[in-house]
Amino acid sequence: MLIRTDNDGFNHPRSSEITPQPVYEERRRWLRTMAAGAAGGTLAAWAGRDALAAVPRPGKLAALAGQASQVAGANTMETLTPYADASQYNNYYEFGLDKADPARNAHTLKTTPWSVKVEGLVAKPGTFSLEDLIKLSPQEERIYRLRCVEGWSMVIPWVGYSLAQLLRQVQPLGSAKYVEFVTLADPKTMPGLRANVLDWPYTEGLRLDEAMHPLTLLAFGMYGEVLPAQNGAPVRLVVPWKYGFKSAKSIVAIRLTDKQPGTAWNKAARNEYGFYSNVNPDVPHPRWSQATERRIGEGGLFTKKRKTLMFNGYGEQVGQLYAGMDLKQQF
Ligand SMILES: Nc1nc2c(c(=O)[nH]1)N[C@H]1C(S)=C(S)[C@@H](COP(=O)(O)O)O[C@H]1N2
Ligand SMILES: [Mo]
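For clarity, every value in this text was computed on a predicted model and none was experimentally measured.

Undergrad: How would you explain the packing of aromatic side chains if you had to name every residue and give the values?
TA: According to the stated counting rule, one finds 12 aromatic pairs in the structure shown. An angle of 20° between the planes, with centres 5.4 Å apart, marks the rings of Phe-311 and Tyr-322 as stacked. Of the two residues, Phe-311 is situated in the loop between β13 (306-307) and α9 (315-318) and Tyr-322 in the segment after α9; the sequence distance between them amounts to 11 residues. In textbook terms, an aromatic cluster arises when at least three aromatic residues are bridged by ring pairs, as seen for Tyr-178, Phe-275, Tyr-276, Phe-311 and Tyr-322.

What follows is the structure in structure tokens.
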């Protein structure tokens, strides 16, 4: 394992680049006024994001980095999203609904001790401590696009290894067809649980072949450091060809099943969020188009949107998983 310094080639913000409080307070007010008038709610939240630019980074203490991944498709050459955006513009409803809430509130998340139960239709079920999980396979760095169903995207260098490594270890039975991911639901540390927006705990699911695909990442870090709480510490999933909500944060259990598991967003709105939720510009969300996206950190509010790519650009690697399926029906 390699310890990274600040001169690691990534665009980390240095303390000298962090805007002093009064200046960004002023800019924030201005941007909010602008956005509210010109563009509306979601953009207002995005414009206000740099108000949190001084949030400390947890990773300085425990660097976590890996070799660049050899997995096909695992390293997009696109410009990385600045760390300040990736760590302060988040969806993590257990810590609030606003994009700025997780960075503000997730410091209460207690990540030690942490273990992940792997159970269900496997020959060798077990409980893995975080330390054992991290040791299970060499860490790789993978630069993935993450595309949220809300219409924004980021490019983040994640650190972890293919979930398949863990699944092989527990030996799925022939009857296993799906994998369910259960995340932490702790009312003492997660203020968002008081709101009944989702059926807690937040759960997600993949078909077994999707879960075994080498691009499906079990992530422990980002930008060469441990995951900040708001990004799903200490261990999360990253499934780059699916909408962001499939990438469950702060996982406590992984269950292999023979039936398609329920998922948090599918339970909340069945006709809006399907089980598959593959990024697909041709299948609109019932309330908005999914054909374009705004790359967070790229330009300002009026920067042209990008065209969203089928399977978020990972079609060459994952398209075969869906051969013969009607992706408009099974969205
Ligand atoms: N437990 C949990 N996991 C979650 C969410 C959540 O609210 N709770 N939000 C999802 C959504 S909608 C997105 S877009 C991604 C965001 O990940 P990021 O904050 O690291 O960008 O996390 C996903 N994982
Ligand atoms: Mo999302």
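Having seen the model, we can carry on.
Undergrad: Lay out the site of ligand 1 in plain terms, naming residues and giving numbers.
TA: Close to ligand 1 lie 18 residues; Asn-90, Tyr-93, Glu-94, Arg-236 and Lys-249 are nearest. Interatomic distance of 3.2 Å between a backbone N/O atom of Asn-91 and a nitrogen atom of ligand 1. Burial of ligand 1 by the protein amounts to 98% of the accessible area it has alone, namely 530 Å². Split into classes, the residues belonging to the shell around ligand 1 amount to 9 nonpolar, 6 polar and 3 charged.

Undergrad: Could you give an account of the pattern of salt bridges, with specific residues and numbers?
TA: In this structure the tally under the stated criterion is 19 salt bridges. Residue Glu-180 pairs with Arg-255 through a salt bridge whose shortest N-O separation is 3.3 Å. Of the two residues, Glu-180 is situated in strand β6 (residues 178-183) and Arg-255 in strand β11 (residues 251-257); the sequence distance between them amounts to 75 residues. Owing to a relative accessible area of 13%, Glu-180 belongs among the buried residues under this scheme. Overall, Arg-255 belongs to the partly exposed group, its relative accessible area being 31%. Where Asp-209 meets Arg-207, a salt bridge forms, and the shortest distance between an N and an O atom there is 2.8 Å. Overall, Asp-209 belongs to the partly exposed group, its relative accessible area being 33%. Classification of Arg-207 by relative accessible area gives buried; the value is 14%. Salt bridges sharing common partners tie together Glu-78, Arg-145, Arg-147, Glu-293, Arg-295, Glu-298 and Arg-306.

Cut-offs applied
- Residues numbered from 1 in each chain as written.
- Chains lettered and ligands numbered in written order.
- Predicted model: local features only at pLDDT ≥ 70, side-chain atom pairs only at ≥ 80, totals over all residues.
- Heavy atoms only, no water.
- Phe/Tyr/Trp six-rings, centres within 6.5 Å; stacked < 30°, edge-to-face > 60°.
- Helix = DSSP H or I, 4+ residues; strand = E, 2+ residues; numbered from the N terminus.
- Near = heavy atom within 4 Å.
- Polar contact = N/O pair within 3.5 Å; in protein donor to acceptor, adjacent residues only side chain to side chain.
- Areas by Shrake-Rupley, 256 points an atom, 1.4 Å probe, with all protein chains shown as cover.
- Nonpolar A, V, L, I, M, F, W, Y, C, P; charged D, E, K, R; others polar.
- Salt bridge = Lys/Arg side-chain N within 4 Å of Asp/Glu carboxyl O.
- Buried < 20%, exposed > 50% of the residue type's maximum accessible area, 1.4 Å probe, protein only.

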